[in-house]
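Working through the structure, step by step
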Amino acid sequence: MRKYILKRVALLLFTFFIIVTVSFVLIRMLPRELPSDKALADIMLDRWEALGYGKPILVQYLIYLKGIVTAWDFGTSWYVEFRAPVWDLLIERLPPTITVNLFALLISIPIGILLGVLASLKRGKPTDLIISLGVMIFVSVPSYVYAFVVQYVLGYELGWFPLTVYPLSIAGGWLTPKMLYSMFPAILALSFGEVAGLARFTRAEMCEALEAEHMVFSRAKGLRRSYAIRHHALRNALVPILPTIVASVIGVMAGSVIIEEIFSIPGVGQLYIRAINLGDYDVFMMNTVFYTFLGLLSGLAVDLSYGFIDPRIRVGEA
Amino acid sequence: MEYPKIDKELFRPYKNKPTEELPELSRYGYFEDTFRRFLKHRSSRISISIIVMIALFSIITPLFITRSDTLMDPYYAKLPMRLSVFADSLGIFSGRVERRLGDKGLTRLYAIGVGASYGDSEGDGYSPILGIGESDGRVRNVAVDSYLEVGFIYRTVTKDEYERMTEWERSEGKKLLFPLIADNEYNSDKRDANLWYKTDSEGNAVAKAISGYEALPFFLGMTLEDNYLRDEGGEVIYHTPVGTADAQGMRVRVLYYNYYQYKNGMKPDYLFGTDSQGYDLALRVAGGIRISLLIAITVSLINFVIGALVGAVEGYYGGTVDLVLERVTDVLSGVPFIVVATLFQIYLGDRVGAIPSLLFAFVLTGWLSTANRVRAQFFRFKNSEYVLAARTMGVKDRRIIWRHIFPNTLGTLITASALVIPGVIFTESMLSFLGIVNLGREGVTSLGTLLSDASGIWVNYPHLMLIPASVISLLMISFNLIGNGLRDSFDPGMKGGV
């Protein structure tokens, strides 16, 4: 197992390195625009000169790597927040993203699994048909459509919630009740798809687990149905479900760009969009590095957690 | 050992039926069989009909709507749906909007109806007021026909055009030209062609009373004092000259609802209403469906071809090829798609256009999963006996790959390709909404462009968002159901998954 983990981590780092290199070259080669303000433009030009933006691309890359290794410096923002280190910008924007997505996940996991289990137990009956139909619709409809509907109905028509998330200055913190109240529509909009996806997955896995022969045997040897379902079917069904949940937990940090745009959540996704619109390419690079790392990490987490959860599956262990 | 003695004649074939009477087991080939199974699913049938209907809508709509889709009508922008066939008789699809208005606004709307019946006893067929709610002291809820709400506008026309307008009035029996408004102290807004009645400087309607002019409260049937421009004889004036001597123009006041008919030869009928700039939303949605489907299907086909080729080679030969391609796959699938799309747009957007660069972005990473599926299937089949037999007989690699193994992968491949379509439609609309892809810049409308056009203003004009969003949702649900149906039909053993 240890050898396998080491191999996977090494592979991850290799892939990560290649992606970062290519992205760096592509992003650094983008034409940069100077602000129209002459004084500011001069300052920027000087700073860029000092940071080596005019040097050959390979030299720039080495400077970039050196900055990361020696000072954890991923670059500087020029337009989003003048001369702010991009790492700080990113960290600053993590809390709202994590808050919204984590709450959405906390709501969706129990409901999703419950619906999935319920559907599988009532397979073919009206309960199952209703759940399955709902799941099919809610899985297919794009998340932003929920966002529009939630925003319109709860925020505009009924007026129960604000249209967009409160700024930090009004709410006083990311976890204050006031902030959570304003985040509720966004959390709700994110949950629909999440619940449906999880319910669909759980149902499929549970149906398979319930049909297994050991289920017939456990009933034959006199176990109660509820006991057999809980201990023999659900546990087996959860083996593939838990890794996806682990991946979702990691994905919480990346968040949903479109939901952040619609509800004006000052999160990582919004930072990305602003960086592109303003042509702030160091921030763009930071976001790319961050998204790439999270994506690779969740892939690794899925594979490894399979091994931890189910000792029978030790993939690749020779 | 004693054997029982059995008569020889008992040994005869049991009911030796002639071959013609064998049940027709092998009447259908694999694909025909799959197709039949597919059509047996009610959900697949419904989804296919929905998609066909949406596609037909996108093709037929431009044929039925004779207004040119470049016609932008700034006066009729962001308006809800209206179909005069229903609006005139049943009162539905009437372009109705709710407004909260005080006396001043209400009087202005009311005056449109009254002003339109000038010199005509026909009454107020042009009144934009559909219904008035209870007053809460200051404002009232008013149901308004948003197409009549525009009321009158000023136009500057040439003499020829004026002739044509009067000709149109005669032939149609509708009034188009209305008297101009006097430019005096009773005209509070010179640009507003709807204030034909006397108002104070605030815009409130006034009437002559004993002690000078007094503000009038609003009530239905109120009498407004007109403030038309008149000549010495007291006759109303319909046009005044404007411009220089060589470019003579005439300033006229027209009722926009009728002016629209004069211009377009038809009543304003908008199935889905109008968009933020005054284009027909139905036309734009139709165009959006065409572009979105076109992009999605193109991506799906390209992925199919590339994925099949790469996956087949990867799966069949394995070894170094497989190892290298696996690393390439790792790297390509590790890049977040949003970054790929952004980079393609920034680098290629100006050079080859937004749509091709979007296609490149989709294809760059899209074929990976297709290739993976094909590869997995090849791993499953390449060592089976029949392949071994073929190889022993000296069949060439190419033939083994395409004729012997590849057909086994077609099921998953077709299913996966069908499921690519909703994914692409969704991603395209998301990227457009976020502004990462800007198809609108090139004058192309996709479903995502419509969403991004509506962003920011849609809370006040929900139809701008609801209609494209519903179309996208319908397409996604249908394509997903088709994908599921295909999966179940290709692999009946898998049945049961949602």
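Our next topic: the pairing of strand 2 (residues 129–135) of chain B. All names here are of chain B. Where strand 2 lies against strand 3 (residues 140–145), 4 bridges are found, and the strand directions are antiparallel. Within strand 3, the residue paired with isoleucine 129 across the bridge is valine 144. From the end of strand 2 to the start of strand 3, which pair antiparallel, there are 4 residues, and glycine 137 there has a positive phi angle of about 100°.

Moving on to the interface of chain A and chain B. Often the size quoted for an interface is simply the accessible area lost on bringing the parts together. Each side of the interface is counted separately: chain A has 40 residues, and chain B has 36 residues. Across the chain A/chain B interface, buried area totals approximately 3300 Å², and carbon plus sulfur atoms make up 78% of it. Three residues, Met136, Tyr144 and Phe148 of chain A, lead the burial of chain A against chain B; their summed loss comes to 17% of the area buried on that side. Put simply, chain A and chain B have 0 salt bridges between them. Between chain A and chain B we count 5 residue pairs in polar contact (both at pLDDT 80 or more) in total. For the side of chain A that touches chain B, the element with the highest residue contribution is helix 1 (residues 2–28) of chain A, accounting for 8 residues.

Residue and element names in this part refer to chain A. Remark: helix 4 (residues 86–121) packs on helix 13 (residues 281–309), axes separated minimally by 9 Å, with the N-to-C direction vectors making an angle of 60°. As judged from the angle between their axes, helix 4 and helix 13 are oblique. In the crossing of helix 4 with helix 13, the sense of the turn from one axis to the other is right-handed. Residues Val86, Trp87, Leu89, Leu90 and Leu94 of helix 4 pack against Asp282, Val283, Met286, Asn287 and Phe290 of helix 13.

In this section: the nonpolar core. Core analysis: the largest hydrophobic core is formed by 127 residues, its most contacted members being Tyr64, Ile259, Phe263, Tyr272 and Phe284 of chain A together with Ile338 and Leu475 of chain B. Per-domain counts for this core show at least three residues from each of domain 1 (2–86) and domain 2 (93–317) of chain A. Those residues in contact with leucine 475 of chain B that lie beyond four places of it in its chain are Ile51, Ile54, Leu293, Ile425 and Leu447 of chain B. Among the nonpolar cores identified, the runner-up in size contains 49 residues, and Leu101, Val150, Phe218 and Tyr270 of chain B belong to it.

All names here are of chain B. One can find asparagine 194 in the loop between strand 5 (177–178) and strand 6 (206–209). In terms of polar contacts, asparagine 194 uses its side chain to reach the backbone amide nitrogen of phenylalanine 152, at 2.6 Å. Beyond its immediate stretch of four places on either side in the chain, asparagine 194 contacts Arg108, Ile112, Val150, Gly151 and Phe152.

What follows concerns the domain arrangement of chain A. Residues and elements named next belong to chain A. Annotation of chain A at the domain level lists domain 1 (2–86) and domain 2 (93–317). Distance from the C-alpha centre of domain 1 to the C-alpha centre of domain 2: 32 Å. Facing 26 residues of domain 1, the contacting portion of domain 2 comprises 24 residues. Carbon and sulfur atoms make up 75% of the surface buried where domain 1 meets domain 2, a total of about 2300 Å² over both sides. Sorting the residues of domain 1 by area buried against domain 2 places Tyr4, Ile27 and Val80 first, and these three jointly supply 27% of that buried surface. For the interface between domain 1 and domain 2, the tally reads 2 salt bridges. Note that arginine 28 is salt-bridged to aspartate 282, the shortest N-O span being 3.9 Å. One can count 6 residue pairs in polar contact (both at pLDDT 80 or more) joining domain 1 with domain 2. If one sorts the elements of the side of domain 1 that touches domain 2 by residue count, helix 1 sits on top with 13 residues.

Before going further, it helps to spend a moment on the pattern of salt bridges. Residue and element names in this part refer to chain B. Under the definition given, this model contains 13 salt bridges over all chains. Taking the shortest distance from any N to any O, the salt bridge between aspartate 33 and arginine 37 comes out at 3.1 Å. Taken as a pair, aspartate 33 and arginine 37 lie in helix 1 (residues 30–40) at a separation of 4 residues, close to a single helical turn. On the accessibility criterion, aspartate 33 (28% relative accessible area) is partly exposed.

So, about the packing of aromatic side chains. In this description, a pair of aromatic rings is defined by centroid distance and the angle of the planes. For the coordinates displayed, the defined rule picks out 35 aromatic pairs over all chains. Look at tryptophan 48 of chain A and tyrosine 53 of chain A: their rings are 6.1 Å apart centre to centre, the planes differ by 25°, and that puts the pair in the stacked class. There is no split in this pair, since tryptophan 48 of chain A and tyrosine 53 of chain A are both buried. Summarising the aromatic geometry, the rings of tyrosine 152 of chain A and tryptophan 458 of chain B are spaced 6.0 Å apart at their centres and angled 40° between planes, so their arrangement reads as tilted. In this pair, tyrosine 152 of chain A sits in helix 6 (residues 143–157) while tryptophan 458 of chain B sits in the loop between helix 13 (447–454) and helix 14 (463–490), so the two residues belong to two different chains.

Conventions used here
- Residues numbered from 1 in each chain as written.
- Chains lettered and ligands numbered in written order.
- Predicted model: local features only at pLDDT ≥ 70, side-chain atom pairs only at ≥ 80, totals over all residues.
- Heavy atoms only, no water.
- Pairing = 2+ DSSP bridges.
- Helix = DSSP H or I, 4+ residues; strand = E, 2+ residues; numbered from the N terminus.
- Contact = heavy atoms within 4.5 Å.
- Buried area = accessible area lost by both parts, 1.4 Å probe.
- Salt bridge = Lys/Arg side-chain N within 4 Å of Asp/Glu carboxyl O.
- Polar contact = N/O pair within 3.5 Å; in protein donor to acceptor, adjacent residues only side chain to side chain.
- Axes fitted to C-alpha atoms, helices over the stretch in contact; angles between N-to-C directions.
- Parallel < 35°, antiparallel > 145°, perpendicular 65-115°, else oblique.
- Left-handed = near helix turned anticlockwise from the far one by under 90°.
- Core = buried A, V, L, I, M, F, W, Y, C linked by side-chain atoms within 4.5 Å.
- Buried < 20%, exposed > 50% of the residue type's maximum accessible area, 1.4 Å probe, protein only.
- Domains from an automatic or database assignment.
- Phe/Tyr/Trp six-rings, centres within 6.5 Å; stacked < 30°, edge-to-face > 60°.

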